[in-house]
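# Structure at a glance
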Amino acid sequence: MSKVVVLRTSPETIVQDYSKLLGLSNFKKVIKKDYQTLLKLNLSWTLFYPACSSPPWQVDGVAKFLRENKYEDVIAVENKTVVTKPVKGAIINKWLTVLNKYKIKFQPLTNVEWVTYKPKAEMLALDKIFENYRKPKMFFGTNVIHFPTIKTHGHTTMTGAMKNAFGGLITERRHHCHKYIHEAVSYTHLTLPTKA
């Protein structure tokens, strides 16, 4: 069963409040240390704009919690879009400063192996958009922690965790999905397998 935790925070306590929030969420019962943990960041624009991409204090709070709780195999990832450059965005949005502090590698998804995946369920839209559906091989059999940014979006009306997951599971050509965005976003969450 899902658990939602909401905390009031402040600029002075936000990093510590992420630890409190993750502790209250039963995080350690769900995110097992014997699996690699991917931090799926959210880069909506390469430049820093407030409330646009994952803020550095969110990355700091989660990374601090992971290290304090002995999560060793952790990698931060982000994908490219037609309007973003992941490495440049990681620098400008101060992610690399935070990740380096906790000795967490940043891996752009543009530089990893993507494998063809044959869905076990009938497609709602992706087969109309892509001849072959591909996913990053490194996502199979891992924990994935999403860093969504809740904001308005021209195609989905609002964006958050599901849209952020969509960004990690479909190639940079995913902008072609916008015509069928609701069906495409729903699909990516129903079929993520545990093995390649």
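In this text the structure is predicted, and so the values were computed from the model without any measurement.

## Considering the pairing of strand β1 (residues 37-40)
Neither face of β1 is left uncovered, since the one carrying T37 and L39 and the one carrying L38 and K40 both have all their residues buried. This β-α-β element, β1 to helix α3 (residues 56-68) to strand β2 (residues 74-78), shows right-handed connectivity. With four bridges joining them, β1 and strand β6 (residues 143-146) adopt parallel strand pairing. Considered in β6, the bridge of K40 is made with H146.

## Observations concerning the nonpolar core
Counting residues in each nonpolar core, the largest one holds 26 residues, and the members touching the most others are F27, L39, L66, W95 and I104. Of all the secondary structure elements, the ones that give two or more residues to this core are α1 (14-24), α3, β2 and α5 (95-101). At five residues, the largest contribution of residues to this core is made by α3. In contact with I104, not counting residues within four places along its chain, are L39, A63, R67, V74, I75, A76 and L99. Within the second largest apolar cluster, eight residues are counted, among which are I75, V77, V112 and W114.

## A look at the confidence of the model for the chain
Per-residue confidence for the chain averages 81 on the pLDDT scale, and 71% of its residues sit at or above 70. Between the elements of the chain, mean pLDDT differs from a low of 55, seen in helix α8 (residues 181-190), to a high of 98, seen in α5. Every residue in residues 188-196 is under pLDDT 50, and counting partners more than four places away or in other chains gives 21 contacts.

## Structural notes on α3
For α3, spanning 13 residues, the distance from its first C-alpha to its last is 18 Å, which sits close to the expected 18 Å at 1.5 Å a residue. Taken together, the buried positions of α3 are P56, Q58, V59, D60, G61, V62, A63, F65 and L66. Against the buried residues of α3 lie α1, α2 (27-30), β1, β2, α5 and β6. One or two steps after α3, the chain reaches K70, where phi turns positive at roughly 65°.

Parameters at a glance
- For every chain, the first residue of the written sequence is number 1, and numbering continues from 1 onward in sequence order.
- In keeping with the model being predicted, local features are shown solely for residues with a pLDDT of at least 70 and side-chain atom pairs are shown and tallied solely at 80 or more, while totals for entire chains, interfaces and linings include all residues.
- Each side-chain value is worked out from all heavy atoms of the structure, with water and hydrogens disregarded.
- Only protein chains enter the accessibility calculation, which uses a 1.4 Å probe. A residue is then buried if its area is under 20% of the maximum for its type, exposed if over 50%, and partly exposed in between.
- By definition, any uninterrupted DSSP run of H or I lasting at least four residues is a helix, any uninterrupted run of E lasting at least two residues is a strand, and each is numbered from the N terminus.
- Viewed with both strands pointing away, a crossover whose connecting path from the first strand over the helix to the second turns clockwise is right-handed.
- In this analysis, strands are considered paired if DSSP registers two or more bridges between them.
- Here, nonpolar core means buried Ala, Val, Leu, Ile, Met, Phe, Trp, Tyr and Cys residues that are tied together by side-chain atoms lying within 4.5 Å of each other.
- In what follows, a contact means two residues having at least one pair of non-hydrogen atoms within 4.5 Å.
- Note on scores: pLDDT gives the predictor's confidence for each residue, bounded by 0 and 100.
- How far a helix is expected to stretch is found by multiplying one less than its residue total by 1.5 Å.

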